[in-house]
Structure formats: structure tokens, C-alpha cells
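Single-letter residue listing:
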Amino acid sequence: MSGNEIKYINEAFDDNWVVPLGPNVNGFELDLETYLNHSTEPAPQMHKHVVALSAGTAAIHLGLVQLGVGRGDEVICQSFTFSASANPILYQGATPVFVDSEPDTWNMSPELLEQAIIDRKRVTGRYPKAIIIVHLYGMPAMMDELMSIADKYGIPVLEDAAEALGSRYGGQCCGTFGHYGALSFNGNKMITTSGGGALVVPGEKEKNEVMFYATQSREPFPYYQHEKVGYNYRMSNICAGIGRGQMTILEEHIAHHRHVHALYAEAFADMEGIELFSNPSDKWDSNYWLCNIVIDKEVTGFDYEELRQALDHAGIESRPLWKPMHLQPVFSNCPAYTNGVSESLFAKGLCLPAGPWVSDNDIARIIQHIKDAYRR
Ligand SMILES: *Cc1c(COP(=O)(O)O)cnc(C)c1O
């Protein structure tokens, strides 16, 4: 927390705006729009609008509603992600088609994406209705290649930028490349509203449509008239107050995550068999939401689980990487186009502590414990 959050919450109480709309909701949306639309050279300035919602999952769901995804449709989704990227496809009665990653960004492989599109057309006679691309761990996906394939087949893109607030690709903010972009402000993300999300939309018209769906699809009549299925997905004015306060320290948070990554990079540079996940080139500017390593057991003598347990004994929490969606029992009947990349990452990777509370001394202690693991 920055300390400013409570000021906005108090304003909401003083003005009696304790509801899912109000000055903080509008203010938070404006802050996000200003932030996301600012590109650095050579990228063009963006003109996106933002709708604040109750969760990132709700944002992905309403993105699919906006794209007309319904029963019988297929939606391509990155397999290497958190389940919330894919669940809303099922909410709409559609079928997820999972596509594996490439090894540089760990995000959707452009090559496999095109294969999947062509193959789904062959099998079902129709193209998939949408493509969900994720910027996992804050690392921008290969957007040039992916967007040009999506455009070639005329399939709209929904970006899951839940982990990538503040990440840039070629100077442009993640979440502004696709037709829609989802953000999350859950407790574990780059900034938090205690729980919340937002949908980045192309314009004013779409913003009004999304707000309509998010507030029970109430038609403009004096009585309650409903002609479409509605949702209760709007962000509350209290949560948005936290969000406005958080926006004042977003850059500080990102700088801290990048600092932590730099400390890990320095330490792992001369440690054999451990590779730190990093920007593939200057075009990428990850927010480094989490710091991840990939362990080559042949070299280190320990695998990710052995290291995880050793760190756990020292009171240091670490976690395995996301388990790919095509390996999840709940999605076992869904088509998947795989190349072994996400399965290999899941078998070798570990997320290390990287949050706002992790100090330089903490990093030194974590590194020391990893060095000790080599000796055992
Ligand atoms: C957190 C997250 C979501 C969901 O956001 P919530 O705000 O928790 O609903 C979706 N996708 C990814 C990749 C996430 O990490």
C-alpha cells in the first residue's frame, strides 16, 4: 500500500458512494487509460478505453461475450497459463483449443497457432471464434507474429494481461494489442484492489456495452427491462479507491520487481545448470512479475522439487511453474496442439520470491541456500 488508498476510501464513505459505481471507479479507469495509452517510441500512442470490473476472470468472460463466443464455438487459448484464462470459454458453452508455447517467451508459439487454426478449419469446417494470448509471468508474447497470423485469418485476439500490467513490447503496453485485453488486481498481482480486474476495450461504444453487461444488462426503461443475459461484474467504488492509491506506486512496484530480477541475474550468471527467465531482446520489457528459473538436473544434481523442499526447510516459499492446461483433468477432452515446451518447463521450473517485500538481504539468503543445494 502507498498510504493514498485510505484517502480515496474515506472520500467514498464521506460522499456515501459505497456502491459498484462512483468517482473512484471513473478515476481509476481514467488512471489506467492514461497509463496504458502512453507508448514510448517507436510504438504509436493508443486510444483504448478501460472498464473496471470485479475480477480479471470477469474481464476475460466479458471479452468473450463481446466477441460473440457462444455454444458450439471453439476458442484458441494458450496452454501454459493459469486456469482463469480458459474457464470463461466453458462459461460460454464454447470449447477451448489449447496451443503450446515457444521457448523464448514461454507464451503462445506463432508456428503452432497457425497449425491449429488450419487444422480446426479442416476438422470442424469453421475457424475458431477468438484467440486468447497470455503474457505469462509478465513476459510479453511474440505479438508481431501472433497478431499478423490472427489478422491473416480474421480472428479477433483477447489478451490476458493479468500478470503483465506495465510490461511493454516495442514500447507498447501489454493489454493494448488485441481487440480486448484483460487485467487483474487480485492480491498477488502487480497492484491490487483486494480483488478486481479491468477490460481494455477499443472505444467508447464497446465501453458502454461492457458496462451494460457488467451491471445486469438493464435496458433504459423506468422499470427493470432485460433483453440480454446480464452479469454482476462491476468494480465497487471502495475497491476502485484502493486502485487509485495503488496507481501512485505502480512504477515503484515494477522498478522493485526489475531490481529483484537483476539481483537474481547477477547471482545466476555463474551458477551452472540454472537459467533465469529473462527478456529475449531489447524489444521486450517484462515487468518481471515473478522471477523464474529452469533447472538442468544433469548439471545441478537437484531438480525443482528437491530445491523447493530445501528452500521450504529454510522458511523460503517457492512454487512450481503453472501446470499446462492440456494436462489438467478439467480440460482433458479439449483439443490441444503441443510441442513439449510447456511440459518441459513444468518439469524443470521454479518461481522464486519476488514480491514488494523481498529485500536485497532476502535475495542474498535465497541465493546462499541454492548454492548450498549444489554442495549436497
Ligand atoms: C490472476 C490471473 C487471472 C485471473 O484474474 P483474477 O483477478 O484472479 O480473476 C487470469 N489469467 C492469469 C494469467 C492470471 O494470472
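See the structure printed just above.
All figures in this text were calculated on a predicted structure; none of them were measured in a lab. (Residues numbered from 1 in each chain as written. Predicted model: local features only at pLDDT ≥ 70, side-chain atom pairs only at ≥ 80, totals over all residues. Heavy atoms only, no water.)

Below, the discussion takes up the packing of helix H3 (residues 56-66) against helix H7 (residues 204-214). Interaxial distance between H3 and H7 falls to 11 Å at its minimum, and their mutual angle equals 115°. H7 is crossed by H3, and the crossing has right-handed handedness. Two secondary-structure elements touch here, H3 through Leu-62, Val-65 and Gln-66 and H7 through Glu-206, Glu-209, Val-210, Tyr-213 and Ala-214. Of the residues belonging to the contact of H3 with H7, the class tally is five nonpolar, one polar and two charged. (Axes fitted to C-alpha atoms, helices over the stretch in contact; angles between N-to-C directions. Helix = DSSP H or I, 4+ residues; strand = E, 2+ residues; numbered from the N terminus. Left-handed = near helix turned anticlockwise from the far one by under 90°. Contact = heavy atoms within 4.5 Å. Nonpolar A, V, L, I, M, F, W, Y, C, P; charged D, E, K, R; others polar.)

Another point: the pattern of salt bridges. Taken as a whole and judged by the stated rule, the model has 13 salt bridges. Here Lys-207 makes a salt bridge to Glu-33, at a shortest N to O gap of 3.3 Å. With a gap of 174 residues between them, Lys-207 in helix H7 and Glu-33 in helix H2 (residues 23-37) connect regions that are remote in the sequence. You can call Glu-33 buried: its relative accessible area is 12%. Linked through salt bridges whose partners overlap, the residues forming this network are Glu-29, Glu-33, Lys-207 and Arg-234. (Salt bridge = Lys/Arg side-chain N within 4 Å of Asp/Glu carboxyl O. Buried < 20%, exposed > 50% of the residue type's maximum accessible area, 1.4 Å probe, protein only.)

In this structure, Phe-28, Ile-76, Ile-131, Tyr-137, Leu-183 and Phe-185 are the most contacted members of the largest nonpolar core, which totals 62 residues. Counting 32 residues, the second-largest nonpolar core is a separate cluster that includes Ala-86, Ala-130, Ala-182 and Met-325. (Core = buried A, V, L, I, M, F, W, Y, C linked by side-chain atoms within 4.5 Å.)

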